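Overview (structure and organization)
Here is how the chains run, residue by residue.
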Amino acid sequence: MKSVLALILLASLGLTASSATVLADPPGLKTLPIGASAPDFELPGVDGKNHALKDYADAKVLVVYFTCNHCPTAQAYEKRVAKLHDDYKDKGVAVVAISPNDPKAVRLDELGYTDLTDSFEDMKIRARDHHYPYPYLFDGETQATSKAYGVLATPHVYVFDAGRKLRYVGRFDDGEVKTVKSHDAINAVDALLAGKEVPTATTRVFGCSTKWADKQADAVKSLEKWNAEPVAIESIDLPGVAKLARNETDKLTVVNLWATWCGPCVTELPELVTMNRMYRGRKFRLVTISLDDPAKKDEALKTLKDKHVSASNYILTSSDRDAFAEALDKDWPGPVPYTLIIAPGGEVVYRHVGEINPLEVKRAIVAKLGRTY
């Protein structure tokens, strides 16, 4: 975020990235200046191969696009970058995407718009599922390439000419989730292919700050803080369950039925905790309902505390399982664990019997909350 604030400060002073040296964290990091040679790199790709700068020596124009999985701004540009690749690949333009982020430096509450982390394994999933037509490389282990380029945020675009001199650096365009008025990166590519000067060589970037390795400590502190949050459990009767099912709130609600005597139930609680920490900054809430005997309320609470489930936790007071099913979800067949997602207004948008697939649940959540702000 500091790097983005630096750009805002420049704007307030009437400066642009081209009229001043932009410093960012880590200390001493500088964005590659116009006219500089492309720093060399050799990085692992999601295709199982290593990719180096020399591999694109034949390209008339090289677009190096720093992006990542988790950032909603980066996600908003996926299709536009893919279109750039498809429209220009036969014109001698190569597109290479690189993730600069250390996945261990990303806090869970920074993952509120995604179903995937910035790990290399999750990069493979995103590239596969979203059909990336260009190489997607991982620099999160050493971040040496990202430091050499001076990556301020994701996304951050660098356009090099045939001699691998930097001719454009900044945003992809000015649209993000709005109507595009200035196709900055494409204009730069068109100009270079035509042998002309790039009309605007530098623009401000906007998006998520680069997650440098020194932010790992902050990610660890956030976990310690969340683990210290109070955990409580309340009794809930059938009318209370029926009200929960109607979901008269404005929050997407994940309801998990569990019990202390159910091994898979206890095993999956940490995954639900992770989701709660990811999405609760948005219109989202996690509700757990213990089906233990009400006399074992303290035992249920102990398990919840052990797993740091600082959500809306309940224990059912009724022993009438059929009446409970009618009140909550008529389609519940009876086993636990059981997880459902209830949209505002009471529509059930997801049901699952048995231990959850975390990625499947996250995708169902994000599908309703939306990927961009």
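See the structure printed just above.
What counts, and where the lines are drawn
- Residues numbered from 1 in each chain as written.
- Predicted model: local features only at pLDDT ≥ 70, side-chain atom pairs only at ≥ 80, totals over all residues.
- Heavy atoms only, no water.
- Phe/Tyr/Trp six-rings, centres within 6.5 Å; stacked < 30°, edge-to-face > 60°.
- Lys NZ or Arg CZ within 6 Å of the ring centre and 35° of its normal.
- Helix = DSSP H or I, 4+ residues; strand = E, 2+ residues; numbered from the N terminus.
- Expected span 1.5 Å × (residues − 1).
- Buried < 20%, exposed > 50% of the residue type's maximum accessible area, 1.4 Å probe, protein only.
- Arc of directions from axis to C-beta.
- Contact = heavy atoms within 4.5 Å.
- Disulfide = S-S within 2.5 Å.

1. Section: the packing of aromatic side chains
Taken as a whole, this structure holds twelve aromatic pairs when the rule is applied. An aromatic cluster is present here, built from F66, Y149, Y158 and F160 joined pairwise through their rings. In this structure, R80 packs its charged tip against the face of Y77, placed 4.3 Å from the ring centre. Against the face of Y88 rests K91, its NZ or CZ located 4.7 Å from the ring centre.

2. Brief notes about helix α7 (residues 216–227)
Here α7 is twelve residues long and its end C-alpha atoms lie 17 Å apart, about the 16 Å a rise of 1.5 Å per residue gives. Listing the buried residues of α7 in full gives A219, S222 and W226. Buried positions in α7, seen along its axis, are confined to an arc of 55° and lie on one side of it. Pointing more than 90 degrees away from the buried face of α7 are the exposed residues K221, E224 and K225. In the core, the buried residues of α7 are packed alongside α9 (263–279).

3. Thoughts on the state of the cysteines
By definition, a disulfide links two cysteine residues through a covalent bond between their sulfur atoms. Tallying each qualifying case throughout the model produces two disulfides. Put simply, C71 and C208 are joined by a disulfide, and their sulfur atoms are 2.4 Å apart. Between C71 and C208, the disulfide has an S-S torsion of 85° and is therefore right-handed. Highlighted residues: C71 in the loop between β5 (61–66) and α2 (72–76) and C208 in strand β11 (residues 208–209), separated in sequence by 137 residues. We note that C71, like C208, is buried. By sequence order of its bonded cysteines, the chain has the disulfide arrangement 1-2, 3-4.

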